[in-house]
Amino acid sequence: MIIDEAHDTQNLHPFKGDVDLDKLRALVKQVGPENVAYVSLSGTVNMAGGQPVSMANVRALRKLCDSYGIRIYLDATRMVENAFFIKDREPGWADKSIADILKEFCSYTDGAWMSAKKDSMVNIGGWLAVNDHNLFDALRNMVVIYEGLHTYGGMAGRDMEALAIGIAESVEYDHIYSRVSQVHYLGNLLLNWGIPIVQPVGGHAVFLDAKRFYPHIPQDQFPAQTLAAQLYLDSGIRGMERGIVSAGRDPNTGDHRYPALELTRLAIPRRVYTQAHMDVTSEAVKAAYDSREQTHGLRMVYEPKQLRFFQARFEPIESHSH
Ligand SMILES: *Cc1c(COP(=O)(O)O)cnc(C)c1O
């Protein structure tokens, strides 16, 4: 349900994570609101290159969902980065704190879940929050069944204490400013060399545009996977395919799904790397770019049934003509 601009890696729209409300309205009308369990919203959309959702969009989404009685749940995993982009780009938010922006954004949703090892900088864990007490009771009861009493189940106490500190530090402006700026530093190095990436640069990663990087490699020979492999061979840098492998197969036809975006993600952990690591990374990408015409695609030799992008194996297709 994302806006069309998100499918164009060159489009500079500041909020390419926005929900397309017309598409959503059409779907709700088609299937009936009673058949929509909830709307799942995600900040800095990973599959679109880490693009943010605007405050104006979530407000309008709330209105639309209210008119149909549909709830909204937020994947808040990267919402601190999203709040940074609202402060930086959306008129009227420059003077608000990251925490205030987050609080207002969440007020338009009915609940949120989070993988805390991203924005909250902890080793493990997460949380689920809802604004409906009956639902909260039901969920808490499931914690008791599957993890242990809610006061100690699931996460260890020390991990919860670390998470509490991580939440507070994650919304400090200097922290999130330097975090996003490091990602943009890498993006700008690549742009200066004319290397095709998704623009605007996202909040947590630089996404290489593998279709334009390797225009001679057909999508069913996995250009983004090829690029991830080349980077690893050259430098040991581990990127991640976000393209045809990640999109999986159509269950009806059995053929690959062919997504519009064929990307290799260079996700950057928080508080781990220096500027020198970004320089080395950019040089590795440049080396792969300079030898792009000699690079051939891949053949998948092992394909697991579910979520193949985690475990599939590939081998190089040898060239037959020069
Ligand atoms: C990483 C991530 C998840 C999964 O979280 P895990 O803690 O790795 O299970 C879910 N949603 C988003 C947006 C993520 O980035």
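Residues numbered from 1 in each chain as written. Predicted model: local features only at pLDDT ≥ 70, side-chain atom pairs only at ≥ 80, totals over all residues. Heavy atoms only, no water.

Q: Help me understand the domain arrangement of the protein chain, please; the structure alone is not making it clear to me.
A: Often the size quoted for an interface is simply the accessible area lost on bringing the parts together. Under the domain assignment, the protein chain is made up of domain 1 (4–172) and domain 2 (174–321). Spacing between the C-alpha centres of domain 1 and domain 2 amounts to 26 Å. Across the contact, 28 residues belong to domain 1 and 26 residues belong to domain 2. Interface area lost by domain 1 to domain 2 is led by Thr9, Met47 and Glu81, which between them contribute 25%. Note that Glu169 is salt-bridged to Arg271, the shortest N-O span being 2.9 Å. Counting across the domain 1 and domain 2 interface gives 16 residue pairs in polar contact (both at pLDDT 80 or more). Of all the secondary structure elements, the ones that give two or more residues to the side of domain 1 that touches domain 2 are helix H3 (79–89) and helix H6 (157–170). Residue composition of the side of domain 1 that touches domain 2, grouped by class: nine nonpolar, eleven polar and eight charged. (Domains from an automatic or database assignment. Contact = heavy atoms within 4.5 Å. Buried area = accessible area lost by both parts, 1.4 Å probe. Salt bridge = Lys/Arg side-chain N within 4 Å of Asp/Glu carboxyl O. Polar contact = N/O pair within 3.5 Å; in protein donor to acceptor, adjacent residues only side chain to side chain. Helix = DSSP H or I, 4+ residues; strand = E, 2+ residues; numbered from the N terminus. Nonpolar A, V, L, I, M, F, W, Y, C, P; charged D, E, K, R; others polar.)

Q: Can you help me understand the sheet that holds strand S7 (residues 263–267) in this one?
A: Sheet strands line up and pair through hydrogen bonds in the backbone, either parallel or antiparallel. Spatially, S5-S7-S6 is the arrangement adopted by the three strands of the open sheet, whose pairing is antiparallel. Lying at the two open borders of the sheet, with one neighbouring strand each, are strand S5 (205–209) and strand S6 (240–242). In this sheet, neighbouring strand axes are inclined to one another by 30° on average, regardless of whether the strands run parallel or antiparallel. Judged from the three bridges that link them, S6 and S7 form a sheet pairing that is antiparallel. Looking at the pairing, Glu241 lines up with Thr264 of S7. Its contacts with the sheet put helix H7 (residues 173–192) on S5 and S7, and the angle it makes with S5 is roughly 25°. Relative to the sheet, helix H9 (residues 223–235) contacts S5, S6 and S7, its axis offset from that of S7 by approximately 40°. (Pairing = 2+ DSSP bridges. Axes fitted to C-alpha atoms, helices over the stretch in contact; angles between N-to-C directions.)

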